[in-house]
Amino acid sequence: MKIIATGVEKKFRKEWIFKNVHGTFSAGHAYALVGPNGTGKSTLLKILAQFSLPTHGQVEFVHADGTAISIHEAHQYVAYAAPYVDVIEEFTLSELIEFLQKLGFIPADLTLLGFEKYMELSPGKAKLIKNYSSGMRQKIKLACALLSPRPILCLDEPTSNLDEKAKQWFIAKLNENRAKLIFIASNEALEIALCEHQIAITDYKN
Ligand SMILES: Nc1ncnc2c1ncn2[C@@H]1O[C@H](COP(=O)(O)OP(=O)(O)OP(=O)(O)O)[C@@H](O)[C@H]1O
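About the thresholds
Residues numbered from 1 in each chain as written. Predicted model: local features only at pLDDT ≥ 70, side-chain atom pairs only at ≥ 80, totals over all residues. Heavy atoms only, no water. Helix = DSSP H or I, 4+ residues; strand = E, 2+ residues; numbered from the N terminus. Patch = residues over 30% accessible without salt bridge, like charges linked within 9 Å, V, L, I, M, F, W, Y side chains within 5 Å. Areas by Shrake-Rupley, 256 points an atom, 1.4 Å probe, with all protein chains shown as cover. Salt bridge = Lys/Arg side-chain N within 4 Å of Asp/Glu carboxyl O. Buried < 20%, exposed > 50% of the residue type's maximum accessible area, 1.4 Å probe, protein only. Contact = heavy atoms within 4.5 Å. Axes fitted to C-alpha atoms, helices over the stretch in contact; angles between N-to-C directions. Parallel < 35°, antiparallel > 145°, perpendicular 65-115°, else oblique. Left-handed = near helix turned anticlockwise from the far one by under 90°. Nonpolar A, V, L, I, M, F, W, Y, C, P; charged D, E, K, R; others polar.

S.K.: Residue-level account of the environment of Q198, with values.
M.R.: With respect to the helices and strands, the residue Q198 is situated in strand β9 (residues 197-200). Sequence separation between Q198 and K127 is 71 residues; the distance between their C-alpha atoms is 39 Å.

S.K.: Tell me about a nonpolar patch on the surface, and name the residues and values.
M.R.: A cluster of nonpolar residues, I88, F99 and L103, forms a patch on the protein surface that exposes about 250 Å² of accessible area. With respect to the element layout, F99 can be found in helix α2 (residues 93-102). Judged by relative accessible area, F99 falls into the partly exposed class, the value being 33%.

S.K.: Summarise the environment of F99; cite the residues concerned and give the values.
M.R.: Measuring from C-alpha to C-alpha, the distance between F99 and I88 comes to 9.5 Å, with 11 residues separating the pair along the chain. Dropping the residues within four chain positions of it, F99 is found in contact with I88 and F91.

S.K.: Any chance you could break down the packing of helix α3 (residues 112-119) against helix α4 (residues 134-147) for me, citing the residues and the numbers?
M.R.: Put simply, α3 and α4 touch, their axes get as near as 10 Å, and they point 110 degrees apart. Compared by their axis directions, α3 and α4 come out roughly perpendicular. By crossing handedness, the relation of α3 to α4 is classed as right-handed. Note on element contacts: α4 touches α3 through M136, K139, I140, A143, C144, L146 and L147, opposite F115, Y118 and M119. Counted by class, the contact of α3 with α4 contains nine nonpolar, no polar and one charged residues.

Have a look at this one:
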């Protein structure tokens, strides 16, 4: 699995956020999108995931054998967790699991108990998601993305709101996902250190 970006550029109103991003990003590698606040990390992540369109250029998903994946199917290859991607907070955990299984986002044989175990949560609480703490809600989002069989894993500020123990949990679970193509948009040294490649958005301003 590869993502090929060719001449990717994004403009909001009259402001160019980045210009001329080229790259081939491959499964088995992790890429950190780095830069100060407001430089365009989230914008580039959404474009690389084919969640939004560039102003110029193109993003293509390609299988290992070189066959291109159609733009209409691209979303089926991406698991995404970000502060601006909400889980349905009126659901209980078990309703969320059932819903995501219907979308094919998480494995069909995953049980509530299995999910709670993965999350290192004590079992049996039928709480609404909105009643979990912000750190726990972040962990739920991450667990859904990390458990997804989808081969592209896009994480925006993954450890925000996580305590030290939850950060260590995240690192361990991410390491179990190393065969995937991973992007992490981040300003945090800990998150950037999890990626062997860095893409500095500030290099693409002109
Ligand atoms: N839909 C939009 N319409 C107009 N401007 C936008 C839109 N989305 C983002 N921007 C602008 O694009 C720039 C880059 O935003 P983006 O969220 O990608 O940055 P970021 O590097 O992820 O920031 P942060 O570190 O604060 O999360 C910002 O100036 C932002 O205001």
